Structures are given as C-alpha cells and as structure tokens.
Amino acid sequence: MGVFNIKRRRLELLSEYQSGDLTSVAIMKRGKKVSCGSSEGTIYLFNWNGFGATSDRFAVKAESIDCMIPINDNIVCTGSMDGIIRAVNILPNRVIGPVGQHPGEPIEQLAKLRDGRFLASCAHDQKVKFWDVLNIGSVIVDVYRKRKKNRQLQALSKKAFGGADDLFTDLQEDQAEAKEKEDEDEEESDSDDSDSD
C-alpha cells in the first residue's frame, strides 16, 4: 500500500510487501485503522500512523476481496469473487454472516446509501441489487470465540440466498419451524413431568 501526500504531491511511504494484491481499502475505528482487502481473501489491518507494517490480518473464507465498504466503525461489508457479500466485524475479527449474493458472478462494487439503510451491489450479471443493512450495525460481536461444529453461517437476511427465486426456501423454513416447535413441545412435556413429581 502506498501513502501519497496530495498537498505536497509526493509518495510518502510504501508498506511492506504482502503475498496478495491489495484490492480495496476502508477506514475503520474512527479513523484509527485502515482495512485492506486482498486477492487472496485476507483482510490486512494497518494503524493510521503505521502504514509500513500490518498490525493484524484476518483470513475470510473467500476467493478474493474485491471491494469493501464500512457499515459503521466496527463492521465492514466485503464483496468477493465468489459473488457473496459478507458482513465482517473488525477487532475482534469475525465474519458475521452473508448479506447477499450475485450467484456465480464476481462483485464489482459496493455502495451504501446516505441514510445507511441499504447497500447497493453490482456484479458481472449487469444487475444492481439492494440489501437491507439497517440491523447489521446493531450486531454486537463477543470478544471470546465460541467453538462451533462445522455449521454454515446464517444469512443476515432472508433474501441473502435465493429469496423468491429459490423453490426450496419455504420448505427449509417450514422444516426449521417444525423442528423448533418439536423442541418446545419436548421442553414443555419435560417441565410438566418434573412438576407432577
């Protein structure tokens, strides 16, 4: 990454060499951190006054991070070559979940509307899609990482994957609701048994 002084019209500093190309940049943490996406799917973090070396790095399970835009001081949305838009929390570094997708098409650009409610994305499919990101800003990420058993990340919106185009969406939701109801019924029957004792 190069730091260019516009007022003096000169290159001030070059960062150390990274293994992947730096493809996008976003200012985070009230101007104290700069996050850079890379062609290898890693987010590199720099301190504002220390552009020479990275202060942290975070591998996102993506082919590459082609564009990124901050939602607030902690959360950034990234667009990847695999066509998925992910919400990522910075420090602690966690992938919160997918926001949306352009199936099979690389994400070219992301933009946030002025009121912060919607995120616009465009890809090689020549479509501009809008995603509701109003609730993402209120997500609080726990500092301590909880161990999970190979579970897929939950989408942050019902339209993130498939939406109305997916024939099986309703079936999956019905199965999940039936499972939750079954679990609730079991809990109620267990509590009734313990009360009768």
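Everything that follows concerns the structure shown earlier in this document.
Counting of residues starts from 1 at the beginning of each chain's written sequence and follows it residue by residue. Owing to the predicted nature of the model, reporting of local features is limited to residues with pLDDT of at least 70; listing and counting of side-chain atom pairs is limited to 80 or more, with chain, interface and lining totals taken over all residues. Only hydrogens and water are set aside when side-chain values are computed; all heavy atoms of the structure are taken into account.

Enquirer: What am I meant to see in the overall build of the protein here?
Expert: Secondary structure counts use DSSP, requiring at least four H or I residues in a row for a helix and at least two E residues in a row for a strand, with both numbered from the N terminus. Within the protein, the regular secondary structure consists of one helix and 13 strands. Going from N to C terminus, the protein has its helices and strands arranged as β-β-β-β-β-β-β-β-β-β-β-β-β-α. For the protein, the proportion of its 197 residues judged to be buried stands at 35%. By the convention used here, residues are in contact when the closest approach between their heavy atoms is within 4.5 Å. Nonlocal contacts in the protein, meaning residues at least 24 apart in sequence, comprise 41% of its contacts between residues at least 6 apart. Each residue gets one of three labels from its accessible area relative to the maximum for its type: buried under 20%, exposed over 50%, partly exposed in between, using a 1.4 Å probe on protein chains only.

Enquirer: Looking at this model, I keep getting lost on the side chain of Lys33. Mind explaining?
Expert: The residue Lys33 is located in strand S4 (residues 33–38) in this model. Salt bridges are absent for the buried Lys33, whose nearest opposite-charge side chain, Asp56, sits at 6.9 Å. Within the local environment of Lys33, its side chain forms a polar contact with the side chain of Asn47, the two groups lying 2.5 Å apart. For Lys33, the contacting residues outside a window of four places in its chain are Ala26, Ile27, Met28, Phe46, Asn47, Ser55 and Leu91. All tallies of charge rest on Lys and Arg as positive and Asp and Glu as negative; His and the ends of each chain are not included. Each reported salt bridge corresponds to a side-chain nitrogen of Lys or Arg within 4 Å of a carboxyl oxygen of Asp or Glu. Here a polar contact means two N or O atoms within 3.5 Å. Within protein one must be a hydrogen donor candidate and the other an acceptor candidate, and residues neighboring in sequence count only if both atoms are side-chain atoms.

Enquirer: What am I meant to see in the pairing of S4 here?
Expert: Where burial is concerned, most of S4 is hidden: six out of the six residues are buried. A two-sided burial pattern is seen for S4, the buried positions comprising Lys33, Ser35 and Gly37 on one face and Val34, Cys36 and Ser38 on the other. The sheet contact formed by strand S3 (residues 22–28) and S4 spans six bridges and is antiparallel. Pairing of Met28 across the sheet is with Lys33, part of S4. A loop of four residues connects S3 with S4, the two strands running antiparallel in sequence, and Lys29 in this loop sits at a positive phi of about 50°. For two strands to be treated as a pair, DSSP must find at least two bridges joining them.

Enquirer: When you look at a nonpolar patch on the surface in this model, what are you seeing that I'm missing?
Expert: A surface patch of nonpolar side chains, about 470 Å² in accessible area, is lined by Phe4, Ile6, Leu11 and Leu14. By the secondary structure assignment, Leu11 is in strand S2 (residues 10–14). The class for Leu11 is partly exposed, based on a relative accessible area of 48%. Patches here: salt-bridge-free residues with over 30% relative accessible area, like charges joined within 9 Å, nonpolar side chains (Val, Leu, Ile, Met, Phe, Trp, Tyr) joined within 5 Å. For the area figures, the Shrake-Rupley method with a 1.4 Å probe applies, and any residue is considered shielded solely by the protein chains shown.

Enquirer: Is there a simple way to think about the nonpolar core in this case?
Expert: As a rule of thumb, soluble globular proteins bury nonpolar side chains together. Here, nonpolar core refers to any group of buried Ala, Val, Leu, Ile, Met, Phe, Trp, Tyr and Cys residues whose side-chain atoms link them within 4.5 Å. Counting 15 residues, the largest nonpolar core has Cys77, Ile85, Ala87, Val99, Leu110 and Leu119 as the members making the most contacts within it. For this core, the secondary-structure elements that each account for two or more residues are strand S7 (65–70), strand S8 (75–80), strand S9 (84–89), strand S10 (94–101) and strand S11 (107–112). Formed by twelve residues, the second largest nonpolar core is a distinct cluster that contains Met28, Ile43, Ala62 and Ile90.

Enquirer: Hey, could you run me through the sheet that holds S7 in this one?
Expert: Sheet architecture is open: four strands sit in the order S7-S8-S9-S10, paired in antiparallel fashion. Pairing within the sheet leaves two strands with one partner each, and these edge strands are S7 and S10. Going from strand to strand, the sheet's axes swing by 25° on average, the running direction of each strand aside. Sheet analysis places S7 next to S8, joined by five bridges and oriented antiparallel. Directly across from Pro70, in S8, lies its bridge partner Val76. The angle between two axes is taken between their N-to-C directions and runs from 0 to 180 degrees, where each axis is a line fitted to C-alpha atoms and a helix contributes only its stretch in contact.

Enquirer: Could you clarify how one ought to interpret the pattern of salt bridges in this entry?
Expert: Two side chains with opposite charge may pair up if their charged atoms get near one another. This model, assessed by the stated rule, comprises four salt bridges. The partner of Glu12 in a salt bridge is Arg10, and the shortest N-O contact between them spans 3.2 Å. Classification of Glu12 as partly exposed rests on a relative accessible area of 38%. Among the salt bridges present, the one from Asp82 reaches Arg86, with a minimum N-O distance of 2.8 Å.

Enquirer: Hey, could you run me through unusual backbone geometry in this one?
Expert: Note: most peptide bonds trans; most residues except glycine with negative phi. The peptide bond linking Leu91 to Pro92 adopts the cis configuration, its omega dihedral lying at 5°. With respect to the helices and strands, Pro92 occurs in the loop between S9 and S10. The backbone of Lys29 shows a phi angle near 50°, a positive value even though the residue is not glycine. A positive phi angle is found at Leu91, which is not glycine, with a value near 50°. On the secondary structure map, Leu91 appears in the loop between S9 and S10. Taking relative accessible area as the criterion, Leu91 reaches 34% and is therefore assigned partly exposed.

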